[in-house]
Amino acid sequence: MNTEVVSINSMALPAGNSAGVNQLRQPVASRAAAHEANSPKIDTGSAKPNSGQRAGKLLNGAFSTVMPPVLGLLLLVVVWAFVAQTTEYLPSPAKTWLSALEIFGDPFYDRGLNDKGIGWQLWASLKRVFEGFGLAALIGIPLGFMVGRFDALQRMMNPVISLLRPVSPLAWLPIGLAVFKAADPSAIFVIFITSIWPMVINTSLGVASVPQDYLNVARVLKLSEWKVFTKILLPASLPYVVTGIKLALGIAWLVIVAAEMLTGGVGIGFWIWDEWNNLNMAHIIVAIFVVGTVGLILEQSMAWVANRFDYRKN
Amino acid sequence: MKPYVAVDHVDVIFDTKNGPFQALANVSASIAKGEFVSIIGHSGCGKSTVLNLIAGLLDPTTGCVLLEDREIKGPGPERAVVFQNHSLLPWLTVFGNVYLAVERVFGVNETKPALAERTDKAIEMVGLSHARDKRPNEISGGMKQRVGIARALAMEPKVLLMDEPFGALDALTRAHLQDELMRITGDLGSTVLMVTHDVDEAVLLSDRIIMMTNGPAATVGEILDVKLPRPRNRLVLAEDARYVHLRGEVLRFLYEKHMHPAVSVARVACNGTRYSPGTPATPQDSAALHPAQ
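Keep in mind that what you see is a predicted model, and the values were worked out from it rather than measured. (Residues numbered from 1 in each chain as written. Chains lettered and ligands numbered in written order. Predicted model: local features only at pLDDT ≥ 70, side-chain atom pairs only at ≥ 80, totals over all residues. Heavy atoms only, no water.)

### Concerning helix H2 (residues 94-106) of chain B
Residues and elements named next belong to chain B. Which entries qualify depends on this criterion: Counting from the N terminus, the helices are DSSP H or I runs at least four residues long and the strands are E runs at least two residues long. By this rule, a helix spans an expected 1.5 Å times one less than how many residues it contains. Throughout this description, buried means an accessible area under 20% of the type-specific maximum (1.4 Å probe, protein chains only), exposed means over 50%, and partly exposed covers the range between.
Taking 1.5 Å as the rise per residue, H2 with 13 residues should run 18 Å; its terminal C-alpha atoms sit 18 Å apart, in good agreement. Here H2 lies mainly inside the structure; ten of its 13 residues are buried. Among all positions in H2, only Val 94, Phe 95, Gly 96, Asn 97, Val 98, Tyr 99, Leu 100, Ala 101, Val 102 and Phe 106 are buried.

Structure below.
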């Protein structure tokens, strides 16, 4: 569980946001240039005479974009194949591939409570994550707004947050089991309690770091508290809030596997544990790739949302 | 002349980590209705503090600040502020930024189309109709500052407060905006208080210039009447003897009498008193702090 604790600790930093604030002060032109640099290097082919050369350049560009990641993944497979040679329990990449084909050949089979396809397992885990995470967002974001806006509340909540935030997620599981007397709500509770902090912290940080200039505008105009919230606090802190959501979702997905290993039932975490009991290592490795891929997709879609809601980028 | 805005024997003391810091000491000043007054002084002399007092963003430690004989308590839209860094909300368009202010001031009595019309009129006044739907990061620094001015003027304030409005702009843009500001405030008969450190800007735009001594415990050093006829033209004035003389007066104040902040502090400390015009002379005040007076 150590890696998880580390990642939770590091979340207090508004990842990427301090850089974002600096970006605000950059001249428009350079920002536009940066934007262009970030967008995919695929040219839609404006009417240029030397199309042959252009096509070559395009191919070259695509090659240099695709090649490094492919090489990296290839390296991973090579190292894996090498390690697999030295021990009989670790399946080779080829064997794992066959196993994966078999698993994904019928992802949604259902042969009773303890034998379901990987699709169902994933679905169960995602459902738990979104329930716990949604609940955390529902409570954490408004709480963050209040903590950021009212200094007294900030001072009141600070020790509570500092005390509870570094607690390893699984330490909460017995509490959940004792209170809810059932496995499923306990797992959701663990997700809730671990993913609420980045949202509270980032939201309050976002609200607290709204530039004084904007608040002065609100003061001179004597805007109502509601207008201050909708016209200034919310848009100004939205990038922070979305960063908090992104971190929380990442943590939730990290924690669910461990929580499910302990609570059992349907879910990718328990499935891994089950396959360990069956000594089916190939399935475990497939599950690891599945968990990684889903995490990547969650992360990327949140990054997309974050960009969408960042006033500095549109 | 009856004062419209009055700053009356104001001290401002900030609580800092290193104990109390006296920013302003015994500052008295007044602005008549329709008058354009500038405050000039070295940086850190508390020019902006005076403006913030009138804006209501800051309360005086002692003394009081009045608008139309009523004490100023907190900020309000009848005292519009043009901030140095424009302070436009980056997620709103030019129209949205101005509309926010217009809606706040006139929203109770007017319909939405009327509010939009007011907004468009203000944007047109500063010549930005073409950029109406752009966001602040899509327009130049000079244009942003115009939006700030449009936002302030659209509120039809009793006093327009400007805190180094053109400080961050290049010389040409600044000159252009100064001319426009002169035209607009002249047309509207606005009462303006502008903080600046630009001598030419102060002389060109103002009816009076309040010159501040160096801080800490800054106060009003001298007040200069600028009796140049309006409308003013910077090219004509550049060779006008009166203009050159006034400009020289301000420069002399800033660079001869108040060049070294440290000296000024030492004097205040030694004598334990400050000079300020418009206050009845106390025995200590007659100490020869300002022989020129």
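### Details of the sheet that holds strand S3 (residues 36-40) of chain B
Residues and elements named next belong to chain B. This is how it is decided: Any two strands are treated as partners once DSSP identifies two or more bridges connecting them. Inter-axis angles, ranging from 0 to 180 degrees, are taken between N-to-C directions of lines fitted to C-alpha atoms, where helices are fitted over the stretch in contact.
One open sheet holds the six strands; their spatial order is S6-S7-S8-S3-S9-S10, and the pairing between them is mixed. Looking at the sheet topology across the chains shown, the edges are occupied by strand S6 (79-82) and strand S10 (220-225). Ignoring which end each strand starts from, the neighbouring axes of this sheet average 20° apart. Bridge analysis of strand S9 (residues 208-212) against S10 gives five bridges, and the strand direction is antiparallel. Bridge assignment links Met 212 to a residue of S10, and that residue is Val 220.

### Observations regarding the interface of chain A and chain B
The criterion, for reference: Between two residues, a contact is recorded if the distance between any of their heavy atoms is within 4.5 Å. What counts as buried area is the accessible surface, traced by a 1.4 Å probe, that two parts surrender upon association, with contributions from both included. By definition here, a salt bridge exists when the distance from a side-chain nitrogen of Lys or Arg to a carboxyl oxygen of Asp or Glu is within 4 Å. Amino acids outside the nonpolar list (Ala, Val, Leu, Ile, Met, Phe, Trp, Tyr, Cys, Pro) and the charged list (Asp, Glu, Lys, Arg) are all regarded as polar, and Gly is one of them.
Listed by partner, the interface residues are 19 residues for chain A and 23 residues for chain B. Across the chain A to chain B interface the summed buried area is about 2000 Å²; carbon plus sulfur atoms make up 65%. Summed over the shared surface of chain A and chain B, the result is one salt bridge. Lys227(A) serves as the salt-bridge partner of Glu103(B), at 2.9 Å between the closest nitrogen and oxygen. Top element by residues in the side of chain A that touches chain B is helix H10 (residues 212-221) of chain A. It accounts for seven residues. The residue makeup of the side of chain A that touches chain B, split by class, is ten nonpolar, two polar and seven charged.

### Section: the environment of Gly140(A)
All names here are of chain A. Relative to the assigned elements, Gly 140 resides in helix H6 (residues 118-149). Residues Gly 140 and Leu 164, spaced 24 residues apart in sequence, show a C-alpha to C-alpha distance of 14 Å. For Gly 140, the contacting residues outside a window of four places in its chain are Ile 196, Met 199 and Val 200.

### Let's talk about the nonpolar core
Formally: Nonpolar core, defined: a set of buried Ala, Val, Leu, Ile, Met, Phe, Trp, Tyr and Cys residues in which side-chain atoms within 4.5 Å join the residues together.
Grouped together as the largest cluster of nonpolar side chains are 151 residues, with contacts concentrated most on Ile232(A), Ile54(B), Val203(B), Ile209(B) and Val250(B). Per-element accounting of this core gives the leading share, 15 residues, to helix H11 (residues 225-263) of chain A. Each residue touching Val203(B), except ones within four places of it in the same chain, is listed here: Ile209(B), Val226(B), Leu228(B), Arg232(B), Tyr243(B), Leu246(B), Arg247(B) and Val250(B).

### Description of the environment of Arg128(A)
Residue and element names in this part refer to chain A. Quick note on the threshold: Think of a polar contact as two N or O atoms within 3.5 Å of one another; within protein, one of them needs to be a possible hydrogen donor and the other a possible acceptor, and neighboring residues in sequence only count if both atoms come from side chains.
Mapped onto the secondary structure, Arg 128 falls in helix H6. Take Arg 128: its relative accessible area is 9%, and that puts it in the buried class. Separated by 37 residues in the primary sequence, Arg 128 and Pro 91 place their C-alpha atoms 30 Å from one another. Each residue touching Arg 128, except ones within four places of it in the same chain, is listed here: Asp 184, Ala 187, Ile 188, Ile 256, Glu 260, Val 266 and Gly 267. A distance of 2.4 Å separates polar atoms of two side chains, one belonging to Arg 128 and the other to Glu 260.

### Remarks on the pairing of S9(B)
Regular strands place side chains that alternate from one sheet face to the opposite one. Residue and element names in this part refer to chain B. Across the five residues that make up S9, a large majority, five, are buried. Burial along S9 is two-sided: the residues Arg 208, Ile 210 and Met 212 and Ile 209 and Met 211 are all buried. Sheet topology note: the S3/S9 ladder contains four bridges and is parallel. Bridge pairing links Ile 39 to Ile 210 in S9.

### So, the side chain of Thr119(B)
Among the structural elements, Thr119(B) can be located in helix H3 (residues 112-125). Sequence-distant contacts of Thr119(B), defined by excluding residues within four places in its chain, comprise Phe95(B), Val98(B), Tyr99(B) and Val102(B).

### Let's talk about a nonpolar patch on the surface
Residue and element names in this part refer to chain A. What counts, and what does not: For patch building, the residue pool is restricted to those with more than 30% relative accessible area and no salt bridge; the joining distance is 9 Å between like charges and 5 Å between nonpolar side chains (Val, Leu, Ile, Met, Phe, Trp, Tyr). Exposure was quantified through the Shrake-Rupley algorithm and a 1.4 Å probe, taking into account, for residues, occlusion by the shown protein chains and nothing else.
Residues Leu 73, Leu 76, Val 77 and Phe 289 make up a contiguous nonpolar surface patch of about 360 Å² in total accessible area. The greatest single-element share of the nonpolar patch, amounting to three residues, is contributed by helix H4 (residues 51-86). Locating Leu 76 in the fold gives a position in helix H4. Given the relative accessible area of 45%, Leu 76 is considered partly exposed.

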